[in-house]
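Architecture and fold: a report
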Amino acid sequence: MNISVVVPLLNEAESLPELTSWISRVMDAHGLTYEIILVDDGSNDDSWEVIEALKKQLPNIIGIKFRRNYGKSAALNVGFEASQGGVVITMDADLQDSPDEIPELYRRITEDKFDLVSGWKQKRHDPLSKTLPTKVFNYFTRRMSGIHNLHDFNCGLKAYRKDVVKNIEVYGEMHRYIPVIAKWAGFTKIGEQVVEHRARKYGTTKFGLSRFINGFLDLLSIFFVGKFSKRPMHFFGTMGALSFLAGLSITVWIIGNKLYNISMHIANNRDVTAQPLFYIALVAIVVGFQLFLTGFIAELVSRNSPERNSYHIEKTV
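Residues numbered from 1 in each chain as written. Predicted model: local features only at pLDDT ≥ 70, side-chain atom pairs only at ≥ 80, totals over all residues. Heavy atoms only, no water.

**As for the sheet that holds strand 2 (residues 34–40)**
Spatially, the eight strands line up as an open sheet ordered 7-5-6-4-1-2-3-8, and their pairing is mixed. This sheet does not close on itself; its edge strands, each paired only once, are strand 7 (190–194) and strand 8 (313–316). Direction aside, neighbouring strands of the sheet carry axes that sit 20° apart on average. Sheet topology places strand 1 (residues 3–9) next to strand 2; seven bridges connect them, and they run parallel. Its bridge partner being in strand 2, Ile3 is matched across the sheet by Tyr34. On the sheet, helix 1 (residues 16–29) packs against strand 1, strand 2 and strand 3 (61–66) and is oriented at approximately 160° with respect to strand 2. (Pairing = 2+ DSSP bridges. Helix = DSSP H or I, 4+ residues; strand = E, 2+ residues; numbered from the N terminus. Axes fitted to C-alpha atoms, helices over the stretch in contact; angles between N-to-C directions. Contact = heavy atoms within 4.5 Å.)

**Structural notes on the pattern of salt bridges**
The final tally for this structure, using the stated rule, is eight salt bridges. The salt bridge partner of Lys121 is Asp97, with a shortest N-O separation of 3.2 Å. Here the residue Lys121 occupies a position in the loop between strand 5 (116–120) and helix 5 (128–145), and Asp97 occupies one in the loop between strand 4 (87–90) and helix 4 (102–110), the gap between them amounting to 24 residues. The buried category is assigned to Asp97, whose relative accessible area is 0%. Linking Arg107 and Glu111 is a salt bridge whose minimum nitrogen-to-oxygen distance equals 3.7 Å. What makes Arg107 partly exposed here is its relative accessible area of 27%. Residues joined by salt bridges that share partners form a network here, namely Glu104, Arg107, Glu111 and Asp112. (Salt bridge = Lys/Arg side-chain N within 4 Å of Asp/Glu carboxyl O. Buried < 20%, exposed > 50% of the residue type's maximum accessible area, 1.4 Å probe, protein only.)

**As for the nonpolar core**
Core analysis: the biggest nonpolar cluster contains 36 residues, and Ile3, Val5 and Ile89 have the highest contact counts within it. Of all the secondary-structure elements, those providing two or more residues to this core are strand 1, helix 1, strand 2, helix 2 (47–57), strand 4 and helix 4. The element best represented in this core is helix 1, accounting for six residues. Residues within four places of Ile3 in sequence aside, it is in contact with Met27, Leu32, Thr33, Tyr34, Glu35, Gly85, Val87, Ile89, Ile102 and Tyr106. Of all hydrophobic cores here, the second largest spans 32 residues; its members include Phe80, Tyr177, Ile181 and Leu219. (Core = buried A, V, L, I, M, F, W, Y, C linked by side-chain atoms within 4.5 Å.)

**Looking at a nonpolar patch on the surface**
There is a patch of nonpolar side chains on the surface, built from Phe244, Leu245, Leu248, Val252, Phe289 and Leu293 and spanning about 540 Å² of accessible area. Of all the elements in the fold, those that place two or more residues in the nonpolar patch are helix 9 (232–263) and helix 10 (276–303). The leading source of residues in the nonpolar patch is helix 9, at four residues. One can find Phe244 in helix 9. (Patch = residues over 30% accessible without salt bridge, like charges linked within 9 Å, V, L, I, M, F, W, Y side chains within 5 Å. Areas by Shrake-Rupley, 256 points an atom, 1.4 Å probe, with all protein chains shown as cover.)

Printed below as a string of structure tokens:
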């Protein structure tokens, strides 16, 4: 099979017939073998009924329905597990991503040998309140990840070699940073393609302002996990050692200063415990010890970590 198209969706019953028909036309026109994996992320409209009806018309469709809403990352992860195509394409279900982009994305993976090609919606049909924070996040993501050639990490339209999706794990809300996850997994040939951003035709956006806060926290998580997931002691141990040494140095200085004042018969010589520095030193030593223990426990956890992705699938077709 040439291509697996993975489409996560939430309450997109109106757009699904048009989207699947459009994908099929493009694939048939280019002689590509394909499957369309529709992952219903707990929709409360008629999305699943529409998927079941479409399955009867088009056997290439695979439907997966979550019992409840888990989020886009969960839908993508399950879609990746189910995919069989040599190239995996992800796109949103709201018709803002154009299936006409698929053949060129496929060519760049198969002929130009990219591991991942991410879409760039250079001209967006979104308000400034959405595009400005997106630019800020993309800037910081480029700086922290070292992937300097991508302008839009969060674009839903992406293409992957099969090996990439089978060797990465997407959880929480990490779908925004799949290129970063892929890079940390060793897939470094990452490209970009300018793609069309279409105005929304049906429904409303499913993402609110909270996604910007979550996006920043996820970026910090990705940075930490990517650099220290296999060696957490290097992070916590270093921070703990620095804090412990700082506290110890202050303590030695306070005691030394106290002994010096006694030997020189200096008046107004305060008790050690009456000095604010004593408590700063005490806190630094305790925090340092705790950070070191955190690193030790994290090392043990990293060696026996349970699976993160466990989702209740209600139905499949």
